[in-house]
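Single-letter residue listing:
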Amino acid sequence: MKTRIFVGLILGSLVIAIYAAIEAGLLPFDEYLLKRPVLTFLFGLVNLPVIIAVPILGITSNFFSNILFFLWWFIIGVFGTWIVQLIVRRITKSRASQA
């Protein structure tokens, strides 16, 4: 459980840091993303629950929308780590039973 929470915290923090750097213009991704619109579409698709929740909740502050992004990616990190741990556990259990 500690690993899942740690991965969620790291993933949420990393996404917020990258998103803030792109918003501030510190990362030169404008030309890269213009040539690859699929990446922008996938990022929007993954973040669709947050994109829908912000206007429904009436959030106008960038700070609170960043908190929602962090929570969303924290949840993705926790559940992603849980799924990976289940897969690894099943693989190791099947290999142990074959030996």
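Above this text sits the structure in question.
For the structure given in this document, a descriptive report is provided here.

Cut-offs used in this document
- Residues numbered from 1 in each chain as written.
- Predicted model: local features only at pLDDT ≥ 70, side-chain atom pairs only at ≥ 80, totals over all residues.
- Heavy atoms only, no water.
- Helix = DSSP H or I, 4+ residues; strand = E, 2+ residues; numbered from the N terminus.
- Rg over C-alpha atoms; globule rule 2.2 N^0.38 Å.
- Buried < 20%, exposed > 50% of the residue type's maximum accessible area, 1.4 Å probe, protein only.
- Contact = heavy atoms within 4.5 Å.
- Areas by Shrake-Rupley, 256 points an atom, 1.4 Å probe, with all protein chains shown as cover.
- Axes fitted to C-alpha atoms, helices over the stretch in contact; angles between N-to-C directions.
- Left-handed = near helix turned anticlockwise from the far one by under 90°.
- Nonpolar A, V, L, I, M, F, W, Y, C, P; charged D, E, K, R; others polar.
- Polar contact = N/O pair within 3.5 Å; in protein donor to acceptor, adjacent residues only side chain to side chain.
- 1 Å grid on protein atoms, 1.4 Å probe; cavity = no way out; pocket = protein on both sides within 12 Å on 5 of 7 lines; lining within 4 Å.
- Points joined across faces, edges and corners; volume = space filled by probe spheres on them.

1. Considering the overall build of the chain
Here is step 1 of the chain: Within the chain, the regular secondary structure consists of 5 helices and 0 strands.
Here is step 2 of the chain: Across the chain, helices and strands are ordered from the amino to the carboxyl terminus as α-α-α-α-α.
Here is step 3 of the chain: Scaling as 2.2 N^0.38, a compact globule of 99 residues should have a C-alpha radius of gyration of about 13 Å, whereas the chain reaches 17 Å, well beyond that.
Here is step 4 of the chain: The dimensions of the chain, computed from C-alpha atoms along their principal axes, are 55 × 35 × 20 Å.
Here is step 5 of the chain: Expressed as a percentage of the 99 residues in the chain, the buried residues total 14%.
Here is step 6 of the chain: In the chain, the share of contacts with a sequence separation of at least 24, taken over all contacts with a separation of at least 6, comes to 67%.
Here is step 7 of the chain: Carbon and sulfur atoms provide 74% of the accessible area of the chain, an area that totals close to 7,600 Å².

2. Thoughts on the packing of helix α4 (residues 48–57) against helix α5 (residues 62–98)
In a packed pair of helices, the relevant descriptors are the angle between the two axes and the axis-to-axis distance.
Here is step 1 of the chain: Where α4 meets α5, the closest approach of the two axes is 10 Å, and the angle between their N-to-C directions is 145°. Of the two elements, α4 crosses α5, and the hand of that crossing is right-handed. When α4 is examined against α5, the residues P49, V50, V54 and L57 are found in contact with a partner set consisting of S65, L68, F69 and W72.
Here is step 2 of the chain: Broken down by class, the residue content of the contact of α4 with α5 amounts to 7 nonpolar, 1 polar and no charged.

3. A short note on the side chain of N47
Here is step 1 of the chain: With respect to the helices, strands and loops of the structure, N47 is situated in the loop between α3 (37–46) and α4.
Here is step 2 of the chain: What makes N47 buried here is its relative accessible area of 1%.
Here is step 3 of the chain: There is a polar contact of 2.8 Å between the side chain of N47 and the side chain of W73.
Here is step 4 of the chain: Apart from the residues lying within four places of it in its own chain, the contact partners of N47 are F69, W72 and W73.

4. Structural notes on the packing of α3 against α4
Here is step 1 of the chain: Direction vectors running N to C along α3 and α4 enclose 60°, while the axes themselves pass 4 Å from each other. Across from G44, L45 and V46 in α3, the residues of α4 making contact are L48, P49 and I51.
Here is step 2 of the chain: Within the contact of α3 with α4, the residues separate by chemical class into 5 nonpolar, 1 polar and no charged.

5. Brief notes about the layout of surface pockets
Here is step 1 of the chain: In this model, the largest pocket occupies a volume close to 400 Å³.
Here is step 2 of the chain: Lining the largest pocket are 14 residues; nearest its centre among them are I18, I22, L33, L39 and F43.
Here is step 3 of the chain: Of all elements in the fold, only α1 (2–24), α2 (30–35), α3 and α5 reach the threshold of two or more residues within the lining of the largest pocket.
Here is step 4 of the chain: Top element by residues in the lining of the largest pocket is α1. It accounts for 5 residues.
Here is step 5 of the chain: When grouped by side-chain class, the residues that make up the lining of the largest pocket number 12 nonpolar, 1 polar and 1 charged.

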